[in-house]
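An overview of the molecular structure
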Amino acid sequence: AERSRTNVDGGSDGPIDKYIRIPIEDLTNSFPWNARRLEDRRKRKFKRKLTLLHRFLGVRENADWVDLDDATKILIQDAGDDIKRKILIEKSRDDILQIRLNQRLAGYSKVSTEADLATALETEG
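Report follows, based on the coordinates.

A few words on the environment of L50. Along the polypeptide, L50 turns up in helix α3 (residues 32-57). The sequence separation of L50 and S92 amounts to 42 residues, and the corresponding C-alpha distance is 9.4 Å.

Among the nonpolar cores identified, the biggest contains 12 residues, and these are L50, L53, L57, V59, A63, L68, A71, L75, A79, I89, I96 and I99. Within the residue set of this core, elements represented by two or more residues are α3, α4 (65-79) and α5 (83-106). Of all the elements, α4 adds the most residues to this core, at 4 residues. L57 has contacts with L68, A71, T72, L75, I89, S92, R93 and I96, leaving out every residue within four places of it along the chain.

What follows concerns the pattern of salt bridges. In the structure shown here, the tally under the stated rule is 7 salt bridges. Where D69 meets R93, a salt bridge forms, and the shortest distance between an N and an O atom there is 3.5 Å. Of this pair, D69 sits in helix α4 while R93 sits in helix α5; the two residues are 24 residues apart in sequence, bridging distant segments of the chain. Taking relative accessible area as the criterion, D69 reaches 13% and is therefore assigned buried. One salt bridge connects R93 with D94, and the closest N-O pair in it is separated by 3.4 Å.

What follows concerns a positive patch on the surface. A cluster of basic side chains, namely R37, R41, R44, K45, R48 and K49, defines a positive patch on the protein surface. Along the chain, K49 falls in helix α3. On the basis of relative accessibility, which here comes to 42%, the residue K49 falls in the partly exposed class.

Here is what the cut-offs are and how they apply
Residues numbered from 1 in each chain as written. Predicted model: local features only at pLDDT ≥ 70, side-chain atom pairs only at ≥ 80, totals over all residues. Heavy atoms only, no water. Helix = DSSP H or I, 4+ residues; strand = E, 2+ residues; numbered from the N terminus. Core = buried A, V, L, I, M, F, W, Y, C linked by side-chain atoms within 4.5 Å. Buried < 20%, exposed > 50% of the residue type's maximum accessible area, 1.4 Å probe, protein only. Contact = heavy atoms within 4.5 Å. Salt bridge = Lys/Arg side-chain N within 4 Å of Asp/Glu carboxyl O. Patch = residues over 30% accessible without salt bridge, like charges linked within 9 Å, V, L, I, M, F, W, Y side chains within 5 Å. Areas by Shrake-Rupley, 256 points an atom, 1.4 Å probe, with all protein chains shown as cover. Lys, Arg positive; Asp, Glu negative; His and termini not counted. Charge placed at Lys NZ, Arg CZ, Asp CG, Glu CD.

This is the structure:
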């Protein structure tokens, strides 16, 4: 019977080698209770970041695109010649829109009925 040799990095050449190198986090994250905790953590992360961005722009959390755009324009006018501040304001608005999109794609939030109706009207022509 031939013994399995170990590689320089300590791994073996045997068929079980591919299973040994799986990080323990990958195994434990697949348990249902851990998957739920990770999902809840992602939702809280989105919510926390959105709250901070809304406060920075001075709009409510359920503000629509028009409200975000108006607040952005006002803050940019107030910024005057401060280019860095203007960029930060625009980036905050873009981040809000991106997070909302990510939430919808991940199924964390629903599209409003008005948006559903507008989409249906656009697709039907």
